[in-house]
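Spelled out, the chains give:
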Amino acid sequence: MFTGIIEEKGSIKSITHGAKSAVLYIRADKIMSDVKIGDSVAVNGVCLTATKIMSDGFTADVMAETLRRSSLGSLKAGDRVNLERAMAADGRFGGHIVSGHIDGTGTIREYKREDNAIWVTIACGSNLLKYIVEKGSIAIDGISLTVAVVTDTYFKVSIIPHTAAETTLIDKKPGDSVNLENDIVGKYVEKLMRFGSDSVSGGIMNMSGNISGSSAGSSGIGFAGGSANKETKTDGFADALIKNGFI
């Protein structure tokens, strides 16, 4: 797991392309103090595994699925990349929960300066925008940032000078792609809500029917009273879920 606090800007030394995959040779300095073979490193927000340790960096394999989902396939030798080691158990949680599993890419639409800050406008599809909320968190090329504006076609973040200096975000130009990872909490909530609509609703109603026709001894559920009372209590639970939008 990562937190979206970039530790250093590395650079691509070389890329070896396979039929549908690639091997990246990434120059790095600061993070190499304790990176070992098998360690996870977020490269522009993508969780990769260090496969070889060199004197000036490391290599990492990139499979076809990662190339399809991310912007790593557009990298070339000399490009700068954001690097972050996996969070240590005793480390500070400075950003937000970042898995390194990219949801998709967005496109830089515009940069605009406002005093000491720089506004960055990023366009992306509705499949990503539905998880993006104002004042929520998003990882852009691995950088933990706060969403300031959301519309139906784009969102905006505002970055401070430190973020601009320590990451690659303003090195890009309008039209360039960036990796996007939505806040994982929203994705889990959506999954649970969908499961609730598809499965839990039917399960609760079936449970209600089964309980009403069962004896107290065979139901195995500790509701008080006779079968009619059990049915009422179970339906009340289902009604509460419906009222609160879980079903």
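Structural data are supplied above this passage.
Values in this document were obtained by computation on a predicted structure and should not be read as measured data.

Parameters and conventions
- Residues numbered from 1 in each chain as written.
- Predicted model: local features only at pLDDT ≥ 70, side-chain atom pairs only at ≥ 80, totals over all residues.
- Heavy atoms only, no water.
- Pairing = 2+ DSSP bridges.
- Helix = DSSP H or I, 4+ residues; strand = E, 2+ residues; numbered from the N terminus.
- Axes fitted to C-alpha atoms, helices over the stretch in contact; angles between N-to-C directions.
- Core = buried A, V, L, I, M, F, W, Y, C linked by side-chain atoms within 4.5 Å.
- Buried < 20%, exposed > 50% of the residue type's maximum accessible area, 1.4 Å probe, protein only.
- Contact = heavy atoms within 4.5 Å.

**Q** Describe the sheet that holds strand β12 (residues 177-182), with residues and values.
**A** Spatial ordering of the closed barrel is given by β7-β8-β11-β10-β9-β12, a layout of six strands whose pairing is antiparallel. Across the sheet, the mean angle separating the axes of adjacent strands is 45° when strand polarity is ignored. As judged from the four bridges shared by strand β9 (residues 137-140) and strand β10 (residues 143-150), these two strands associate in the antiparallel manner. Bridged to A139 within β10 is S144.

**Q** Which residues make up the nonpolar core, and what values do they have?
**A** The biggest cluster of nonpolar side chains holds 21 residues, and the ones touching the most others in it are V120, I140, F155, I159, L169 and L180. Only β8 (117-123), α2 (126-129), β9, β10, β11 (154-159) and β12 provide two or more residues apiece to this core. Other than its neighbours up to four places away in sequence, V120 contacts I108, E110, Y111, F155, K156, V157, I159 and L169. With 20 residues, the next largest nonpolar core counts V46, L48, V81 and L83 among its residues.

**Q** Describe the pairing of β12, and please don't skip the residues or the numbers.
**A** Of all six residues in β12, five are buried; the element is thus mostly enclosed. As paired elements, strand β7 (residues 104-114) and β12 share four bridges and run antiparallel to each other. Bridging across to β12, G104 finds its partner in L180. Two strands pair when backbone bridges link them, and β9 and β12 are joined in this way by three bridges, in the antiparallel orientation. From the neighbouring strand, I138 faces β12, where its bridge partner is N182.

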